Amino acid sequence: MTDFPADRPLRIGTRSSPMALAQVEQVTALLKKHAPDLAVEPVPVTTEADLWQGDLAKLGGKGLFTKRIDQMLQRGEVDMAVHCVKDVPGDVPLPEGLVFAAYLPREDVRDVLLFPEGSDRHNLADLPAGATVGTSAVRRKAQISRVRPDLNVVRLRGLVGTRVEKLDGKKPGPALDAMVLALAGLERIGLTDRARQVFTAAEILPAVGAGVLGLQCRRDDGPVAGLLARLNHDRTMREVTAERVMLHGLRGHCNSPIAGYCVTEPDGQLSLRGMVFSRDGSKFVHAHHWGENSNDPAVLGTRVCAELLRQGARDIIEGIPH
Ligand SMILES: NCc1[nH]cc(CCC(=O)O)c1CC(=O)O
């Protein structure tokens, strides 16, 4: 395999949010460890979704966070992209000609509850009936509403740092008593000290691909694919593959509350849980399988998906407006 040319920098297409830039820094450090002479050039891109503050589904779904970067990658204007796998749509194939050449080792997958600065509350139980909780994810809304139907869970978008400022009343927005975010995201922007209750996977089942960065490049770009492959974490790749195969099979849309979490047991066996919820969490289906005869991630993802569909996942998904 030919090496990536040493006479020009490797261009990384990225959103210009603090979280995205932190991710690129993390990847740059890893690349330099494997290829000390490599020059890296981040290429910041403003995506349509960054400019739009309304309901994402109305604009065309969460794929918009990646669409412009995908196009630049396809045209050869950048060499690679770093994506939160969680944000990569699971209802459509990857953009033509692009592949994930590597997944980085999975970080924390858990969601956390935050309170306004100075609050003496610590967990969900501290919130009075009718309290307002902000979250961006229908998956979190459904799971919170399931255990606390008395809470008022509202949709909230925007940069994670800005959302925390809204929680603190430092930016205009609805008055919030609490907020749910991903711990991994808070870590990336240095705000973990704001996390109060950390939900276990049993309390809030994580999103497919949570806590995983995927490194994307052109399928036919052997030198870059070869370079990125050196950073791949095999266990994470197997877990994410099982989760995403399940997600593809469910054919959910941007507003589908779907959770999927695969772990590797100490003996190497993959174990995948999937859940599909109605919007308020009052209806849900749950399936859990682990490799018995086969420990193939795609087979496992297909099995969990089939079990969810058998239990009525399709009706739940169709019952939710797009
Ligand atoms: N939807 C935005 C997004 N995409 C990835 C993360 C955090 C890191 C991750 O789980 O990969 C976040 C922030 C959040 O959900 O709070």
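Nothing here was measured: the structure is a model prediction, and the numbers come from that model.

About the criteria used
- Residues numbered from 1 in each chain as written.
- Predicted model: local features only at pLDDT ≥ 70, side-chain atom pairs only at ≥ 80, totals over all residues.
- Domains from an automatic or database assignment.
- Contact = placed C-beta atoms within 7 Å.
- Nonpolar A, V, L, I, M, F, W, Y, C, P; charged D, E, K, R; others polar.
- Pairing = 2+ DSSP bridges.
- Helix = DSSP H or I, 4+ residues; strand = E, 2+ residues; numbered from the N terminus.
- Right-handed = clockwise from strand over helix to strand, strands pointing away.
- UniProt positions renumbered as here; feature names shortened; annotations may be inferred.
- Buried ≥ 20, exposed ≤ 12 C-beta atoms within 10 Å, placed from the backbone.
- Axes fitted to C-alpha atoms, helices over the stretch in contact; angles between N-to-C directions.
- Near = placed C-beta within 6 Å.
- Left-handed = near helix turned anticlockwise from the far one by under 90°.
- pLDDT = per-residue confidence, 0-100.

Take the domain arrangement of the chain next. Split by domain assignment, the chain resolves into domain 1 (10-104 + 211-232), domain 2 (111-194) and domain 3 (243-318). For domain 2 versus domain 3, the distance between C-alpha centres works out to 26 Å. In this assembly, seven residues from domain 2 lie in contact with nine residues from domain 3. Broken down by class, the residue content of the side of domain 2 that touches domain 3 amounts to three nonpolar, two polar and two charged.

As paired elements, strand β1 (residues 10-15) and strand β2 (residues 40-45) share six bridges and run parallel to each other. Counterpart to Ile12 in the pairing with β2 is Pro42. Taken together, β1, helix α1 (residues 18-34) and β2 form a β-α-β motif whose crossover is right-handed.

Per the UniProt record, the feature "modified residue: S-(dipyrrolylmethanemethyl)cysteine" (unreviewed entry) sits at Cys254. Position of Cys254 relative to the elements: it lies in the loop between α9 (234-250) and β10 (258-264). C-beta crowding within 10 Å serves as the criterion here: with 19 such atoms nearby, Cys254 is assigned to the partly exposed category.

Time to look at the sheet that holds β10. On the basis of which strands lie adjacent, the open sheet formed by three strands has the order β10-β11-β12 and antiparallel pairing. In the strand order of this sheet, the two ends are held by β10 and β12 (284-290), each with one partner. Averaged over neighbouring strand pairs, the angle between their axes works out to 10 degrees when direction is ignored. The pairing of strand β11 (residues 270-277) with β12 spans seven bridges and is classified as antiparallel. The residue of β12 that forms the bridge with Leu272 is His289. Against the sheet, α9 touches β10 and β11, its axis set at about 150 degrees to β10. Across the face of the sheet, helix α10 (residues 297-310) comes into contact with β11 and β12 while running at roughly 30 degrees to β11.

All residues adjacent to the ligand are Cys84, Lys86, Asp87, Ser136, Val160, Leu181, Ala182, Ala184, Gly185, Ala210 and Gly211. Of all the secondary structure elements, the ones that give two or more residues to the shell around the ligand are β8 (178-182) and α7 (183-188). Classifying every residue of the shell around the ligand gives six nonpolar, three polar and two charged. Structurally, the shell around the ligand is a two-domain feature, drawing no fewer than three residues from each of domain 1 (10-104 + 211-232) and domain 2 (111-194).

On to the packing of α9 against α10, then. For the pair α9 and α10, the least separation of the axes is 7 Å and the interaxial angle reads 35 degrees. The element α9 and its partner α10 pack so that their crossing is right-handed. In this structure, α9 uses Arg238, Thr241, Ala242, Glu243, Val245, Met246, Gly249 and Leu250 to contact α10, whose residues at the interface are Pro297, Ala298, Leu300, Gly301, Thr302, Val304, Cys305 and Leu308.

Per-residue confidence for the chain gives a mean pLDDT of 92; residues scoring 70 or more make up 93%. The complex prediction reports pTM at 0.93, with the ipTM value standing at 0.95.

The next point concerns the environment of Leu228. Tracing the sequence through the fold places Leu228 in helix α8 (residues 222-229). Judged by C-beta crowding, with 27 C-beta atoms within 10 Å, Leu228 ranks as buried. In contact with Leu228, not counting residues within four places along its chain, are Met80, Ala101, Ala102, Leu215 and Cys217.

Let's shift gears to unusual backbone geometry. Although it is not a glycine, Arg251 adopts a positive phi angle of roughly 50 degrees. Relative to the helices and strands, Arg251 is located in the loop between α9 and β10. Since 15 C-beta atoms lie within 10 Å of it, Arg251 is described here as partly exposed.

Along helix α5 (residues 138-147), eight of the ten residues are buried, which leaves the element largely enclosed by surrounding structure. Within the span of α5, buried status applies to Val138, Arg139, Arg140, Lys141, Ala142, Gln143, Ile144 and Ser145. Elements that come into contact with the buried residues of α5 comprise β5 (111-114), β6 (132-135), β7 (152-155), β8, β10 and β11.

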